[in-house]
Amino acid sequence: MYLKKIEMHGFKSFADEVKLEFEPNITAIIGPNGSGKSNISDAIRWVLGEQSAKSLRGSKMEDVIFAGSDQRRPLGIAEVTLTLDNSDGSLPIDYNEVTIGRRVSRSGESDYLINNSVCRLKDVEELIMGTGMGKEAYSIIGQGKIDSILSNKSSDRRGIFEEAAGITKHKKRKDKASKK
Ligand code: ATP
Ligand code: MG
């Protein structure tokens, strides 16, 4: 599985619709300070269910919506869609290509989408659980994350290995079942 495409519209500094397409090998994104590199990784984490505005470097969730500039008025909606190549079947869904989307409006309406159908955050979480792609997983290593991995409690470190081994989802299901 790999990230094939990111489409952003109204997310942070991306007022115009932006489409980034990636090949399966290594991609580096370069640009001057403040040009929006980190906003791209914020967009990925946001789609995958990030709930903390602070960790997206804002103070409230509305801060992910384009706030306007000297030349442009603020926008009312932010929308991001990731397209994942699933031809190796890593995601438990019977499609070679899977899209995951999220949108939010200033009025507070918010939706998650899988293959363009509205779904719950839980559906997105279950889809990506065990792939290392979840917001708490290791596919996005932000500045400072290395230190926290090294200095964290052993149970947190074990969590990283459990996710890599693909057993997180089984543990979650077991916990859920034993709570009933
Ligand atoms: P650096 O090299 O310093 O890490 P970067 O390329 O990672 O920079 P980002 O942090 O992604 O840059 O982008 C920051 C820019 O995004 C700032 O100019 C900020 O004003 C703009 N920005 C963030 N949120 C919004 C928003 N809601 N509306 C408009 N612009 C925004
Ligand atoms: Mg940055």
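The protein is annotated in an unreviewed UniProt entry as Chromosome partition protein Smc of Selenihalanaerobacter shriftii.

Engineer: In this structure, what is going on with the site of ligand 1? I would like to understand it.
Structural biologist: The immediate surroundings of ligand 1 are formed by 14 residues, with Asn33, Lys37, Ser38, Asn39 and Ala67 found nearest. Of the residues belonging to the shell around ligand 1, the class tally is three nonpolar, eight polar and three charged.

Engineer: I keep staring at the UniProt feature "binding site: ATP" (unreviewed entry) in the protein and nothing clicks. Help me out?
Structural biologist: The positions UniProt marks with the feature "binding site: ATP" (unreviewed entry) are Pro32, Asn33, Gly34, Ser35, Gly36, Lys37, Ser38 and Asn39. The class for Gly34 is exposed, based on 9 C-beta atoms found within 10 Å. Mapped onto the elements of the fold, Asn39 is located in helix H1 (residues 37-47). What makes Asn39 partly exposed here is the crowd of 19 C-beta atoms within 10 Å. Once residues within four sequence positions are removed from consideration, Asn39 is found in contact with Lys12, Ser13 and Phe14.

Engineer: Any chance you could explain the sheet that holds strand E4 (residues 97-105) here in plain terms?
Structural biologist: To summarise the sheet geometry, strands pair through backbone hydrogen bonds and adopt either a parallel or an antiparallel arrangement. Read from one edge to the other, the open sheet built from six strands follows the order E2-E1-E3-E4-E5-E6, with strand pairing classed as antiparallel. Because the sheet does not close on itself, it has two edges, and the strands there are strand E2 (18-21) and strand E6 (117-119). Going from strand to strand, the sheet's axes swing by 20° on average, the running direction of each strand aside. Inspection of the sheet shows strand E5 (residues 110-114) paired to E6 by three bridges, in the antiparallel sense. When the sheet's bridge partners are listed, Leu113 is paired in E6 with Val118. On the sheet, H1 packs against strand E1 (2-9), strand E3 (77-85) and E4 and is oriented at approximately 85° with respect to E3. Strand contacts of helix H2 (residues 121-128): E4, E5 and E6, with the helix running at about 35° to E5, the strand carrying the most contacts.

Engineer: Explanation requested: the nonpolar core in the structure shown.
Structural biologist: Soluble globular proteins tend to bury their nonpolar side chains together. Membership of the largest hydrophobic core comes to 27 residues, with the highest contact counts inside it found for Phe11, Ala43, Val47, Val64, Ala78 and Val80. Of all elements in the fold, only E1, H1, E3, E4 and H2 reach the threshold of two or more residues within this core. The element contributing the most residues to this core is E3, with four residues. In contact with Phe11, other than residues within four places in its own chain, are Ala43, Val64, Ala78 and Val80.

Rules and cut-offs
Sequence positions are assigned chain by chain, starting from 1 and proceeding in written order. A letter from A marks each chain and a number from 1 marks each ligand, given out in the order of writing. Only residues with pLDDT of 70 or above have their local features reported here, since the model is predicted, and side-chain atom pairs are shown and tallied only from 80 upward, although totals for entire chains, interfaces and linings are computed over all residues. Nearness is defined per residue: the C-beta atom, placed using the backbone, must lie within 6 Å of the molecule or strand. Here the nonpolar group is Ala, Val, Leu, Ile, Met, Phe, Trp, Tyr, Cys and Pro; Asp, Glu, Lys and Arg are the charged ones; every other residue, Gly included, is treated as polar. UniProt positions are given in the numbering used here, feature names are shortened, and annotations may be inferred rather than shown by experiment. Buried means a residue has 20 or more other C-beta atoms within 10 Å of its own C-beta, exposed means 12 or fewer, and partly exposed covers the counts in between; C-beta atoms are placed from the backbone. Strands here are runs of E lasting at least two residues and helices are runs of H or I lasting at least four, both read from the DSSP assignment and numbered beginning at the N terminus. Our contact criterion uses C-beta atoms placed from the backbone: two residues qualify when those atoms are within 7 Å. Between any two strands, at least two bridges found by DSSP are needed for them to pair. Helix axes are fitted to C-alpha atoms over the stretch in contact, other axes to C-alpha atoms as well, and angles between N-to-C directions run from 0 to 180 degrees. Throughout this description, the term nonpolar core refers to a group of buried Ala, Val, Leu, Ile, Met, Phe, Trp, Tyr and Cys residues whose C-beta atoms join them within 7 Å.

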